[in-house]
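Summary of structural features
Spelled out from the first residue to the last, the chains are:
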Amino acid sequence: MDILPGTVIGLRGPSGSGKSTLLNVIGCILEPDAGSLRLSGELVYDGKWLRTDLRALRLQKIGFIFQAHNLLPFLNAWENVAVARILAGASLTQARSRAQELLAYLGIERRAHAMPGELSGGEAQRVAIARALANDPRIILADEPTAALDSQRAGTVMDMLRKVAVERQTAVIVVTHDEKIFSRFDRIYSLRDGAVEAPKVAA
Ligand SMILES: Nc1ncnc2c1ncn2[C@@H]1O[C@H](COP(=O)(O)OP(=O)(O)OP(=O)(O)O)[C@@H](O)[C@H]1O
Ligand SMILES: [Mg+2]
């Protein structure tokens, strides 16, 4: 698979077909059995990991978004975003202003002080997108980010991911079972039994 900056790619397939596994390989969390992996031009896996600092690589290049329970429940919205900056070495002041800027970018700055338990599912996912963007990643990996949302909120989350892809030239890869959002992708790859079928250009 070649995934270009500025595009939003869907990954679909039956349960157990390997969607999350593929995301974890692209995210340098799981070691593949075969093949190679290149992230923004840099060969990072080719029979073995070619970088020893995978954690730093993940922090710099990749943003992760999960289906639900994305946020640390004991930190408020802006702190959840700031944490990712702090792990990458920013000061609290820098991290806080970056968090506020990103929450504003995603249209939820007024929820900056809310605790995760006080956010709607859609708001929580927008905070999760802000956190994924904290370190300006080249790739966003989202595992069923709209599964817990109704169609309107799912649509908003997909609008936000599209905006991020276009405006920040990020590659966005979304695992989904959700037929309502299939039309939102530039391409959809179907997985079956751990293998990728020929890509479909979305209708
Ligand atoms: N770390 C691992 N080592 C070995 N096998 C694994 C590992 N993680 C997952 N598997 C197996 O790989 C297969 C694919 O799992 P995966 O979680 O990627 O499926 P999925 O397509 O994301 O399914 P779902 O839609 O249910 O989330 C499953 O048979 C699973 O049990
Ligand atoms: Mg999965």
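Every value quoted in this text rests on a predicted model; they were computed, and no experiment measured them.

1. Structural notes on the packing of helix H3 (residues 77-87) against helix H4 (residues 92-105)
- Relative to each other, H3 and H4 sit at 125 degrees, their axes nearing to 8 Å. One element, H3, and the other, H4, form an angle in the oblique class. You can see that H3 and H4 cross each other, and the crossing is right-handed. Contacts between H3 and H4 involve Ala77, Trp78, Val81, Ala82, Arg85 and Ile86 on the former and, on the latter, Leu92, Ala95, Arg96, Arg98, Ala99, Leu102 and Leu103.

2. Looking at the packing of aromatic side chains
- The final tally for this structure, using the stated rule, is two aromatic pairs.
- For the ring pair Tyr45 and Trp49, a centre distance of 4.9 Å and an interplane angle of 75 degrees mean the geometry is edge-to-face. Like Trp49, Tyr45 is buried.
- In this arrangement the basic side chain of Lys163 is found over the ring face of Tyr105, its NZ or CZ atom lying 4.2 Å from the centre.
- The ring of Tyr105 has Arg168 sitting right over it, with the charged end atom 4.2 Å from the ring centre.

3. As for the environment of Ala95
- On the secondary structure map, Ala95 appears in helix H4.
- Here Ala95 falls in the buried class, since its relative accessible area comes to 0%.
- Linking Ala95 and Asp193, residues 98 residues apart in sequence, is a C-alpha distance of 42 Å.
- When residues no more than four places from it in sequence are discounted, the contact partners of Ala95 are Ala82, Arg85, Ile86 and Ala90.

4. With respect to the pairing of strand E7 (residues 187-192)
- Two strands pair when backbone bridges link them, and strand E1 (residues 8-12) and E7 are joined in this way by four bridges, in the parallel orientation. By the bridge assignment, Ile9 is partnered in E7 with Arg187.
- In this sheet, strand E8 (residues 195-196) lies alongside E7 in antiparallel orientation, the contact comprising two bridges. By the bridge assignment, Leu191 is partnered in E8 with Val196.
- Connecting E7 to the antiparallel partner E8 that follows it, the hairpin turn spans two residues, and Asp193 within it adopts a positive phi of roughly 50 degrees.

Reading guide: rules and limits
Residues numbered from 1 in each chain as written. Chains lettered and ligands numbered in written order. Predicted model: local features only at pLDDT ≥ 70, side-chain atom pairs only at ≥ 80, totals over all residues. Heavy atoms only, no water. Axes fitted to C-alpha atoms, helices over the stretch in contact; angles between N-to-C directions. Helix = DSSP H or I, 4+ residues; strand = E, 2+ residues; numbered from the N terminus. Parallel < 35°, antiparallel > 145°, perpendicular 65-115°, else oblique. Left-handed = near helix turned anticlockwise from the far one by under 90°. Contact = heavy atoms within 4.5 Å. Phe/Tyr/Trp six-rings, centres within 6.5 Å; stacked < 30°, edge-to-face > 60°. Buried < 20%, exposed > 50% of the residue type's maximum accessible area, 1.4 Å probe, protein only. Lys NZ or Arg CZ within 6 Å of the ring centre and 35° of its normal. Pairing = 2+ DSSP bridges.

Function cannot be read off these values alone, since they describe shape.
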